[in-house]
Amino acid sequence: MLENNESMTSQNSSTLFAETTLIQQMTDMGFREMDQNRMLEVCLLGLCNHYQGQGAALLIKEHGQTCIQLIHQHIKLHIELQNELQLQLRAHFKEHGHCEVPEILCKIKNEKPTKPQVALQLNEWTIIPLETENQFLGILMLDMDDPIDEPFHLNVVLHHLCSLLLTMQNMRKLLITDPMTSCYNRWFMEVELSRFCALTPSPHRRFAVMLIDLDHFKSINDTYGHTKGDTCLINLIELLKKFLNKTDAIIRMGGDEFLIWFPKVGNRNLTTLAEKILTAVRETLHVPEVPDHQLSISIGLVVHEPGTPQPSKQRLLDCADHALYASKHKGRNQMTAWTPELEYAFKQWSESERKIPKPEQRIQALEAQIQHERDSWIDTLTLILQNREYSTGLHSERVTRITAYLLEQLVLTPEQKIQIIRGARLHDIGKIAIPDHILNKQGKLNESEWTIIKKHPQIGQHFISGHHFLKDAGNIILCHHENYDGSGYPNGLKGKEIPLGARLFSLVDAYDSMRANRVYKNFMAPEDVTAELRKNAGTQFDPELIDFFMDHIDTIEDIGKWQM
């Protein structure tokens, strides 16, 4: 058999435990829509309705200085009881997490049907710390009819919830972090600063942004090389951190431009702080191994004062950009704070003074940036897959290299080859949503487990369906378990109905699966694998592609580096 339990028939979904539907809904929200908050709401709603108690509540870490608190109520509680419940939730978070509860984003939802309240008291809710890999994630409180007789399948839901939370938090950390400087990246700024500006009531908070640009950075790269230029940026970030509070965030906007976001300014004098930063850079930073080449920066500062109109994210950035340009226009190595008068002066400067790139240059730069971000996103997903299951990660690397080699021998457009390679890299991404006890099970899967694991092609395709540039790659992910005779899954496609990339990849995937050691079986010898492939020509595999595959078997073995 080329795949574990391939001959087993699917079990009717009604025989699976009830929480399976909840697990599937959580997975879809978490990985298809990339929405952690929505996934948590689905989880609490499912638990709340399933156990029919007063409700369910959750308090988890999000990132930085923020927590998310969600409460679903099956029986609407009075405001006093809601407040008591929140106090209990935070107290248990502090007790089990050994830390204070930071700033909280709170949401309370009442689920229908609500029941009459007659001297209603707050029940003794079950306290469930959420932990995985010795890492505290948060607190779940659940009202159950009989906490002592806790259903076994609740543990499965909780394990899956923890796996989803940890994976999404690791994914988020990778997505919001600049790999070179370890500060936040522009994606973080786009999401978090927009949310901050939308939620923060301007009369009650003073906040600011500071835009920093390393002067003459292009000449540093051109003269000394990009390695030393990168070291200059890293050293600048390390210096900036010395002047900042825990609530401040450094964001790499791109190249040598950084944004410092001050969500809580308080009584701090940021003009004085900017001058201290300028002086520290001038006096301590230089090009590595070139002490005579001192570094300098230019700064644009925007401070939002309480009581003034609430700015949008784009308005804040535009003002900071105008202030930064003013510093450069005046000779660099200085700070400029934004004022309405500065805005008027900026509009009076000629287009040539602003040195705006030509439209075609801006388009080329934007296309290059988009391509880089796409590649980085795929790299991130591949890294997450490797962290999820080490053997699966190595499998994805090998099949990607082999697929890329075989594509070189075929007459296809560059875009077609790129899409097939992307599909090869991400073909198992849906397995992120499969519970560990199924994915890493020793021995054969039972029918219910096999039903769950067979969903990973659809989960993977749904996961990336929101990204148009991965549309064709998603077809590879969806179809890589279809068989040539129509006996495969999930859609039973037959012959040329299966995309060429999927037909080619299924060969590579099967070959590697048989040649490599897996959790449930040992590797097979090369001659046994090739015999197995030929035996399944016309049933599982495209017979024409098998001949093509065998013509390159020696090179494939060299690339795979499997045991002999």
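Scroll up to find the structure.
A few words on the overall build of the chain. Helix and strand counts for the chain stand at 22 helices and twelve strands. Looking at the chain as a whole, 50% of its 564 residues are labelled buried. Taking contacts inside the chain between residues at least 6 apart in sequence as the whole, the part at least 24 apart equals 68%.

Summed over all chains, the structure comprises six aromatic pairs. Taken together, a centroid distance of 5.2 Å and an interplanar angle of 70 degrees make the contact between Phe 93 and Phe 136 edge-to-face. Here Phe 93 is found in helix H3 (residues 79–97), whereas its partner Phe 136 is found in strand S5 (residues 135–142), with 43 residues between them in sequence. Each member of the pair, Phe 93 as well as Phe 136, carries the same accessibility label: buried. Members of the aromatic cluster, connected to one another through ring pairs, are Tyr 184, Phe 188 and Trp 261.

Another aspect to go through is the packing of helix H20 (residues 526–535) against helix H21 (residues 543–551). Helix-helix packing: each pair is described by the crossing angle between the helix axes and the interaxial distance. At their nearest, the axes of H20 and H21 sit 10 Å apart, and the two run at 160 degrees to each other. In this view, H20 runs roughly antiparallel relative to H21, as classed from their interaxial angle. Classified by chirality, the crossing of H21 by H20 is left-handed. Across from Thr 530, Leu 533 and Arg 534 in H20, the residues of H21 making contact are Ile 546, Asp 547, Phe 549 and Met 550. Of the residues belonging to the contact of H20 with H21, the class tally is four nonpolar, one polar and two charged.

Oppositely charged side chains can pair when the atoms bearing their charge come close. Here the structure, examined in full by the defined rule, presents 17 salt bridges. Measuring nitrogen to oxygen at the nearest pair gives 2.7 Å for the salt bridge that ties Asp 213 to Lys 328. Residue Asp 213 is located in strand S6 (residues 207–214), and its partner Lys 328 is located in helix H9 (residues 313–329); the two are separated by 115 residues in the primary sequence. Using a relative accessible area of 9% as the deciding quantity, one classes Asp 213 as buried. The closest approach of N and O atoms between Asp 542 and Arg 503, which form a salt bridge, is 2.7 Å. Taken together, the residues Asp 542 in the loop between H20 and H21 and Arg 503 in helix H19 (residues 500–515) connect sequence positions 39 residues apart. Of the two residues examined, Asp 542 and Arg 503, each falls in the buried class. One network of salt bridges, with partners in common, ties together Arg 186, Glu 190 and Lys 313.

Inspection of the sheet shows strand S9 (residues 286–287) paired to strand S10 (residues 290–294) by two bridges, in the antiparallel sense. Paired with Val 287 across the bridge in S10 is Val 290. Counting the residues between successive antiparallel strands, the hairpin from S9 to S10 contains two residues, one of them, Glu 289, with a positive phi of roughly 65 degrees.

What follows covers helix H17 (residues 456–464). Taken as a whole, H17 has its buried residues at His 456, Pro 457, Ile 459, Gly 460, Phe 463 and Ile 464. The arc enclosing the buried residues of H17, seen along the axis, measures out at 165 degrees, which places them on a common side.

Once that is clear, we can look at the environment of Val 209. Position of Val 209 relative to the elements: it lies in strand S6. Setting aside its immediate chain neighbours within four residues, Val 209 contacts Leu 259, Ile 260, Trp 261, Gly 300, Leu 301, Val 302, Leu 316 and Ala 320.

By way of backbone hydrogen bonds, the strands of a sheet pair with one another, either parallel or antiparallel. With mixed pairing, five strands are arranged side by side in an open sheet as S7-S8-S6-S11-S12. Looking at the sheet topology across the chains shown, the edges are occupied by strand S7 (249–254) and strand S12 (335–337). For this sheet, the mean angle separating the axes of adjacent strands, direction not counted, is 20 degrees. In this structure, strand S11 (residues 297–304) lies alongside S12, joined through three bridges in parallel fashion. Among the inter-strand pairings, Leu 301 is bridged to a residue of S12, identified as Ala 337. Contacts from H9 reach S6, S7, strand S8 (257–262), S11 and S12, with the element oriented near 145 degrees to S11.

If you check H9, its first and last C-alpha atoms are 24 Å apart, about what 17 residues at 1.5 Å a residue would give, namely 24 Å. All of the buried residues along H9 are Lys 313, Leu 316, Leu 317, Cys 319, Ala 320, His 322, Ala 323, Leu 324, Tyr 325, Ala 326 and Ser 327. In the segment just after H9, Gly 331 is the residue with positive phi, at about 120 degrees.

With 34 residues, the main nonpolar core has Met 210, Leu 240, Phe 262, Val 281, Leu 295, Ile 297 and Ile 299 as its most contacted residues. If you tally residues by element for this core, the top one is helix H8 (residues 270–284), at seven residues. Sequence-distant contacts of Val 281, that is, excluding residues within four places in its chain, are made with Leu 236, Leu 239, Leu 295, Ser 296 and Ile 297.

Right, let's get into unusual backbone geometry. Going from Tyr 489 to Pro 490, the amide bond is cis rather than trans, its omega being 10 degrees. Tracing the backbone through its elements, the reader meets Pro 490 in the loop between helix H18 (471–479) and H19. Backbone geometry at Ser 182 places phi at a positive 65 degrees, although glycine is not the residue there. Relative to the helices and strands, Ser 182 resides in the loop between helix H4 (152–176) and helix H5 (186–199). Positive phi outside glycine occurs at His 216, with the angle close to 55 degrees.

What follows is about the pairing of S8. The buried count for S8 comes to six of six residues, which makes it a mostly enclosed element. In S8, alternate side chains face the same way, and those of Glu 257, Leu 259 and Trp 261 on one face and Phe 258, Ile 260 and Phe 262 on the other are all buried. Where S7 meets S8, five bridges bridge the pair, whose relative direction is antiparallel. Across the sheet, residue Ile 250 finds its bridge partner in S8, namely Ile 260. Where S7 hands over to S8, the hairpin turn is made up of two residues, of which Gly 255 adopts a positive phi near 60 degrees.

One can find Leu 174 in helix H4. With relative accessibility at 34%, the residue Leu 174 sits in the partly exposed group. For Leu 174 and Tyr 184, which are ten residues apart along the polypeptide, the C-alpha to C-alpha distance reads 9.6 Å. Ignoring anything within four residues of it in the chain, the contact list for Leu 174 reads Thr 380, Leu 383 and Ile 384.

Rules used in this analysis
- Residues numbered from 1 in each chain as written.
- Predicted model: local features only at pLDDT ≥ 70, side-chain atom pairs only at ≥ 80, totals over all residues.
- Heavy atoms only, no water.
- Helix = DSSP H or I, 4+ residues; strand = E, 2+ residues; numbered from the N terminus.
- Buried < 20%, exposed > 50% of the residue type's maximum accessible area, 1.4 Å probe, protein only.
- Contact = heavy atoms within 4.5 Å.
- Phe/Tyr/Trp six-rings, centres within 6.5 Å; stacked < 30°, edge-to-face > 60°.
- Axes fitted to C-alpha atoms, helices over the stretch in contact; angles between N-to-C directions.
- Parallel < 35°, antiparallel > 145°, perpendicular 65-115°, else oblique.
- Left-handed = near helix turned anticlockwise from the far one by under 90°.
- Nonpolar A, V, L, I, M, F, W, Y, C, P; charged D, E, K, R; others polar.
- Salt bridge = Lys/Arg side-chain N within 4 Å of Asp/Glu carboxyl O.
- Pairing = 2+ DSSP bridges.
- Arc of directions from axis to C-beta.
- Expected span 1.5 Å × (residues − 1).
- Core = buried A, V, L, I, M, F, W, Y, C linked by side-chain atoms within 4.5 Å.

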